[in-house]
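# Remarks on the overall topology
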Amino acid sequence: LKPLGSMRDRLKLQSQIPQKYTKAMATSSYCLPRLFFCIFSLALSIDHECGEDHSCDDLSVSFVQSNHRAGLKMFDQSDNGLDGAQKTVEYFWPSTVGQVGSLTSSRHAGPHDLSASLAWNWTDPRGRYYGLPAGAMIDGETNIYLQTNDAVRKFSPQGQLMWEWSPERKGAEEMPDTGFLSQGAFYVSTTAGWIYAISMAAGDVLWKTKLPSTDPNNGWVTVHEGVVLTSSDARDEYKGQHREDKLADQFVTGLNASNGKVMWNFKPDAPVWNFMGSFAGDGTFTFQDYEGKAYRCRVDDGSLIWKNGGFENSWTDGTSLLGPNKVVYTVSNRNMQGGRDAPGDVSAYQLEDGKLLWRTEVPSPPNNLPAIGKLVGLSGLSLVQPIGQQCQQGAPTDVYALDAQSGKVQWIFNGPSQKGRFQAGDGIPQAMMQRVLAGVRPITLPNPWSAPTIDSNGVVFIGNEEGPFYALADKDGDGQLTKAEVSSFDTKACFSGSAAAAIAPGMLVTTSIDAMYVFAH
């Protein structure tokens, strides 16, 4: 592929992309990973016009539409950014899936009537589809940190841009793995293997470290106990053999959060996909590989404590989660291809020794991270598991609520089926062209759902690949979600699988693949 430097070349590309990839889609009943990597390779050949160093400092971000309906609470906490005098600071939503120890669950309430509570929204000023939002985080002052595949932006609660930071990207380098707020720093990675610590106060680089690479999937960088967890060394390799269409990270890596020094590397039995490390708070963490095998390792040196489960020669787009009940939940499929009628499994393992507690079959691939928390109308903890085969026209998408202790089904929400060959907002020709010009992937092919969030009222917030953002609440506990128990807001675009709704007092933030929406109540 020849670099496309002139506007004539780019206009030609604009006319060619839709036909090429629509034709490719017509040959398959679901989105093959090969399609994604062909498109990703195309992006490798494209330069964009933001300067030789790929920075976009001359582009101002001012397109914030707001109506400031509800006053948002403010909290006075300082961000000291890794200096010696720093104090421990707690943030309302430090990662796109919440706080360590209560991931995917919030101590605060979100608005149930979504249609009446939108305060303001943001789209990229260069064009609606340039930014490709991956998710949002909220600090202790309810400032919002929006991560897109090419930049990080800090906004005030009312929508004022406070700073913008972009790495010096080369080729198709992106930031699909969402970052983490910790002790005054924002930690984030790029697909070229750069790990950054950015000052939350000013957006300056505090340190950066180069790893071999990280894969282009939608995972998470997490930080706790002075250690940054990420995955690294992206290769299309499985147990020493080439595996076509499965470019995935081979290692889990721990870095010193203060200076970026690599502390250790751990190689699981199979590569990881959409990696997220869940900290147990006792010097250990858990995760799964893409076959659904669960691992528990030590934070300080990465050494293995136990591993269990998984289905050999399978692949899932989902991610594991450690619950506050000291149970590790994993998701797995039973083959490499998936499909709308291909069942998968949700499994629960005891944190202490890895013992299998239960396993529940679901009728479609569990290609998403679950959430755990208390649901309205039910007692005890529930596990909320989105399911569905993304990128398959006509395939249904559902949300299952399971008893976290037994795996028994509590309720099922039947979401929309995929209408077109592409998910909402993904295959639009204008969107694909704008992403190419921004130097990010032309098409996203995301998970069927966003990551779910459970608020303090037991309401589930989740975005669907067809565009609706839902608030789900089985208030009477009868196992049926009636129209009155479901609220929705149509974003008209799909969601990254790593983007859960971020919640703080009086505020909820969600991101589709082309916009950020801030709800107030």
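A brief structural summary. Just so you know, these numbers come straight off a predicted model, no measurement behind them.

Summed over the entire model, instances satisfying the criterion amount to 24 aromatic pairs. With a centroid separation of 6.0 Å and an interplanar angle of 20°, the aromatic rings of Phe-285 and Phe-287 are classed as stacked. Summarising the aromatic geometry, the rings of Phe-287 and Tyr-295 are spaced 4.7 Å apart at their centres and angled 5° between planes, so their arrangement reads as stacked. Chaining the aromatic ring pairs together yields one cluster made of Trp-264, Phe-266, Phe-275, Phe-285, Phe-287 and Tyr-295. Lying across the ring of Trp-315, Lys-246 places its NZ or CZ 4.6 Å from the centre.

Strand order in the open sheet formed by four strands is 7-8-9-10, and the pairing between neighbours is antiparallel. Both edges of this open sheet fall to strand 7 (180-182) and strand 10 (205-210), since each of them pairs with a single strand only. Pairwise comparison of adjacent strand axes, ignoring direction, gives a mean angle of 20° for this sheet. Sheet topology note: the strand 7/strand 8 (residues 185-189) ladder contains three bridges and is antiparallel. Across the sheet, residue Ser-182 finds its bridge partner in strand 8, namely Ala-185.

Turning our eyes to something else, we now look at the nonpolar core. Judged by nonpolar contacts, the single largest core of 21 residues is most densely connected at Val-97, Met-276, Tyr-329, Val-346, Trp-358, Leu-369 and Leu-383. Of all the secondary-structure elements, those providing two or more residues to this core are strand 22 (327-333), strand 23 (344-350), strand 24 (356-362), strand 26 (382-388) and strand 27 (397-403). Setting aside residues no more than four positions away along its own chain, Val-97 makes contact with Leu-103, Thr-104, Trp-220, Met-276, Leu-369, Ala-451, Ser-498 and Ala-500. Core analysis: the next-biggest nonpolar cluster, separate from the first, contains 17 residues, Ile-144, Ala-504, Met-507 and Ala-520 among them.

Conventions we followed
Residue positions within a chain follow its written sequence, with the count starting from 1. Totals for whole chains, interfaces and linings use all residues, but because this is a predicted model, local features are given only for residues with pLDDT of at least 70 and pairs of side-chain atoms are given and counted only at 80 or more. Side-chain numbers come from the whole structure's heavy atoms, not from hydrogens or water. For Phe, Tyr and Trp, where Trp contributes only its six-membered ring, two rings pair if their centres lie within 6.5 Å, and the inter-plane angle classes them as stacked under 30 degrees, edge-to-face over 60, or tilted in between. A ring is considered to have a charge above it if a Lys NZ or an Arg CZ atom is located within 6 Å of its centre and within 35 degrees of its normal. A pair of strands counts as paired when DSSP detects no fewer than two bridges linking them. A run of H or I in DSSP counts as a helix once it spans at least four residues, and a run of E counts as a strand once it spans at least two, with each numbered from the N terminus. Lines fitted to the C-alpha atoms define the axes, with helices restricted to the stretch that makes contact. Angles between their N-to-C directions range from 0 to 180 degrees. We define the nonpolar core as a collection of buried residues of types Ala, Val, Leu, Ile, Met, Phe, Trp, Tyr and Cys that are connected through side-chain atoms lying within 4.5 Å of one another. Categorising residues by exposure relies on relative accessible area from a 1.4 Å probe, with only protein chains included: less than 20% of the type maximum marks a residue as buried, more than 50% marks it as exposed, and the intermediate range marks it as partly exposed. By definition in these notes, contact holds between two residues if any of their heavy atoms fall within 4.5 Å.

Remember that the coordinates give geometry; whether it matters functionally is a separate question.
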